[in-house]
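# Architecture and fold: a report
Here is what each chain is made of, one letter per residue.
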Amino acid sequence: MSSQSLTRIHKEVLSANESYVASFGDKKDLALPPVRGFAILTCMDARLDPAGYAGLSEGDAHVIRNAGGRASDDAIRSLVISHKLLGTTEWFVIHHTNCGMELFSDEIIGDLLEDNLETAAFDGTTWRNPKHGDGCAHGQFIKWHTFSDSERSVVQDVRRIREHPLVAGHIPIYGYIYDVKTGRINEVKAATEAGRATV
Ligand SMILES: [Zn+2]
């Protein structure tokens, strides 16, 4: 692809990477296993910066992200690899206030996609498609892992990880909610209790 045909976003990312490479320095010597021995499962929300809120540098920890920070099968796949092959021994599940996953249901996104695939608009109450047609019903068959109560979702996710047969019992799993207004992570005691090491 010639540089003329790159989008603005594409150019910005490549330009930022040039700067990063220029100051990469000692990071070339980092080992593959995370040196601080822990993993964070958190939401993909653009306002969350796990490196910032948890004090991470390159090489420190695993950060697994998806919509909602949910303990999906794929998130658990990553956590199991994180411990079994790369040695992490403590895990954090960190959801957050004002999560987009609270703003729709499986039925809502399924219906929106079935109608049209373009980005929908949210007016604070209702999602609406900008145009109609050319949608796909496939979304009706997906479990989107939405939730309506982030404290409850953290407890659910910690418990699901704790009860997974491939998760070693000695790994403590802590449950937190990041506050998008303050940057603070607040513990959900019931989640951390559910995630206590069992051996
Ligand atoms: Zn979120």
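Not measured: the values here are computed from a predicted model. (Residues numbered from 1 in each chain as written. Predicted model: local features only at pLDDT ≥ 70, side-chain atom pairs only at ≥ 80, totals over all residues. Heavy atoms only, no water.)

This part is about the coordination of the zinc ion. Within the protein, Cys43 (SG), His96 (NE2) and Cys99 (SG) serve as the donor atoms for the zinc ion, at 2.0 to 2.2 Å. Between consecutive donor residues of the zinc ion, the sequence gaps follow C-x52-H-x2-C. (Donors = N, O, S within 2.8 Å, 3.2 Å for Na, K, Ca; no water.)

Enumeration according to the criterion identifies 10 salt bridges in this entry. For the salt bridge of Lys27 with Glu58, the shortest nitrogen-to-oxygen distance reads 4.0 Å. Highlighted residues: Lys27 in the loop between helix 1 (8-22) and strand 1 (38-43) and Glu58 in the loop between helix 2 (50-54) and strand 2 (62-66), separated in sequence by 31 residues. You can call Lys27 partly exposed: its relative accessible area is 23%. Residue Asp73 is joined to Arg160 by a salt bridge in which the shortest nitrogen-to-oxygen separation is 2.4 Å. (Salt bridge = Lys/Arg side-chain N within 4 Å of Asp/Glu carboxyl O. Helix = DSSP H or I, 4+ residues; strand = E, 2+ residues; numbered from the N terminus. Buried < 20%, exposed > 50% of the residue type's maximum accessible area, 1.4 Å probe, protein only.)

In this section: the sheet that holds strand 6 (residues 173-178). Taken in spatial order, the 5 strands of this open sheet run 2-1-3-6-7, and their pairing is mixed. Each of the sheet's edge strands pairs with one partner strand only, and the pair in question is strand 2 and strand 7 (185-187). Neighbour to neighbour, the strand axes of the sheet diverge by 25 degrees on average, direction disregarded. In terms of strand pairing, strand 3 (residues 90-96) meets strand 6 through 6 bridges, oriented parallel. (Pairing = 2+ DSSP bridges. Axes fitted to C-alpha atoms, helices over the stretch in contact; angles between N-to-C directions.)

So, about the domain arrangement of the protein. In many analyses, interface size is given as the accessible surface area lost on bringing the parts together. What the domain assignment lists for the protein is domain 1 (35-99 + 146-194) and domain 2 (105-145). The gap between the C-alpha centroids of domain 1 and domain 2 is 28 Å. Roughly 330 Å² of surface becomes buried between domain 1 and domain 2 when both sides are summed, with 56% attributable to carbon and sulfur atoms. On the domain 1 side of the interface with domain 2, the three residues burying the most area are Arg70, Ser72 and Thr146, jointly 94% of the side's total. If you look at where domain 1 meets domain 2, you find 0 salt bridges. (Domains from an automatic or database assignment. Buried area = accessible area lost by both parts, 1.4 Å probe.)

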